[in-house]
Amino acid sequence: MKQGKFTFGSENFVGGGGHNSLFEEIISLPNIFCAWREFQKDKRNRDDVKEFSVDAEESMFTLHYDLTCGRYRHGPYEAFWVCDPKRRLIHKACVRDRLLHHAIFRVLYPIFNKKWIYDSYSSREFKGTHAAMKRFRDFAWKISRNNTRDVWILKIDVKKYFHSIDHDILVSLLIKALPNEEERLLDLLKDNVKSFSTSPNKSIPLGNLTSQLFANVYLNPFDQYVKRKLKLFYYIRYADDIIVISDSCEFLANLLPVFAIFLEQRLKLSIHPDKISISMWNKGIDVLGFISYPTKTVMRPSTEQRMIKRLEYQSNSADFDEQLNALYSRVKFERE
């Protein structure tokens, strides 16, 4: 099942099997070779991947040796802009480093995934925007009691989330989650975390696969606080998009300062002041690229236009209509 720019497949993950340490699993040649096979999917025609492929086997043996000897250090990044739909600055590591990101992800994802709450939906196997939207509608209909009560939705975003992640806090969360692991693994993760910054000791790059893992690790304390301490059942998070559903507008408004204090004090994050909304479901709610109503959910126009452009780019004229219809059948959510 595809999710973002990488392919999930639980049978492909390693995650603590056997008697090796996690560090040994990550740097093992079987894991690195599997990571390379997964990494190069859909990238074979890119110049940097072609160049690495010329001596891929030798390069992977060298990477393994450098990791074993403690000589490996993460390299610099190449910056470029993308529009999807808004303009974002992406930082791309070299193929060697990105290959290691995949090797790290393959081993650590299944371990961290078990620690996260059910209703965190970004960059996770069998999750994603479709699953989040289905959960949202299930929650909203349950609160509405078959459309007999008002349903209010609180939506907030973390301001400049990836750029605001504190390296020391992130490293401490990784250490806490992996308490019995050897120093070599922690040093490898520290090297990855501290390989990039936009301000002193802050930020992780949008282009790293490990960043998607770290982004969920970083907000997990907030998820646990919301679920265990505040005991909010109708809560959904997708990356830094946070959604809470209730039958009381006042209740949701009172949550805002509580959320803000925890995010600031524990994680040095702030809520984006221009991306706070408390709205009624029956008037239509913009959620994760869709507009949801009690009777239907439709694509946001900008999302629809972006997907059509991608299909036009990827498809020839003969099969475009067929693929477009298939796309609509997947993204349209109607209550039965």
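Worth saying up front: this structure is predicted, and the values here are computed from it rather than measured.

## A closer look at the overall build of the protein chain
- Each helix and strand in the protein chain was counted, giving 13 helices and twelve strands.
- Burial analysis of the protein chain (336 residues in total) assigns 48% to the buried set.
- Restricting to contacts in the protein chain with at least 6 residues of sequence separation, those with at least 24 account for 70%.
- A total of about 17,500 Å² of accessible surface is found on the protein chain, and carbon and sulfur atoms cover 50% of it.

## A few points about the sheet that holds strand β5 (residues 152–158)
- Spatially, four strands are ordered β6-β7-β5-β8 in an open sheet, and the strand pairing comes out antiparallel. Lying at the two open borders of the sheet, with one neighbouring strand each, are β6 (235–238) and β8 (271–280). Here the strands of the sheet are splayed against their neighbours by 15° on average, with no regard to which way each runs.
- Two strands pair when backbone bridges link them, and β5 and β8 are joined in this way by six bridges, in the antiparallel orientation. Opposite I153, over in β8, you have S279 as the bridge partner.
- Docked against the sheet, helix α10 (residues 209–229) engages β6 and β7 (241–246), running at close to 175° with respect to β6.

## Some remarks on unusual backbone geometry
- The backbone of N146 shows a phi angle near 60°, a positive value even though the residue is not glycine.
- Tracing the backbone through its elements, the reader meets N146 in the loop between α6 (129–144) and β5.
- Overall, N146 belongs to the exposed group, its relative accessible area being 57%.
- Of note, the phi angle at K160 is positive, near 45°, even though the residue is not glycine.
- Take K160: it is sitting in the loop between β5 and α7 (161–164).

Cut-offs and rules
- Residues numbered from 1 in each chain as written.
- Predicted model: local features only at pLDDT ≥ 70, side-chain atom pairs only at ≥ 80, totals over all residues.
- Heavy atoms only, no water.
- Helix = DSSP H or I, 4+ residues; strand = E, 2+ residues; numbered from the N terminus.
- Buried < 20%, exposed > 50% of the residue type's maximum accessible area, 1.4 Å probe, protein only.
- Contact = heavy atoms within 4.5 Å.
- Areas by Shrake-Rupley, 256 points an atom, 1.4 Å probe, with all protein chains shown as cover.
- Pairing = 2+ DSSP bridges.
- Axes fitted to C-alpha atoms, helices over the stretch in contact; angles between N-to-C directions.

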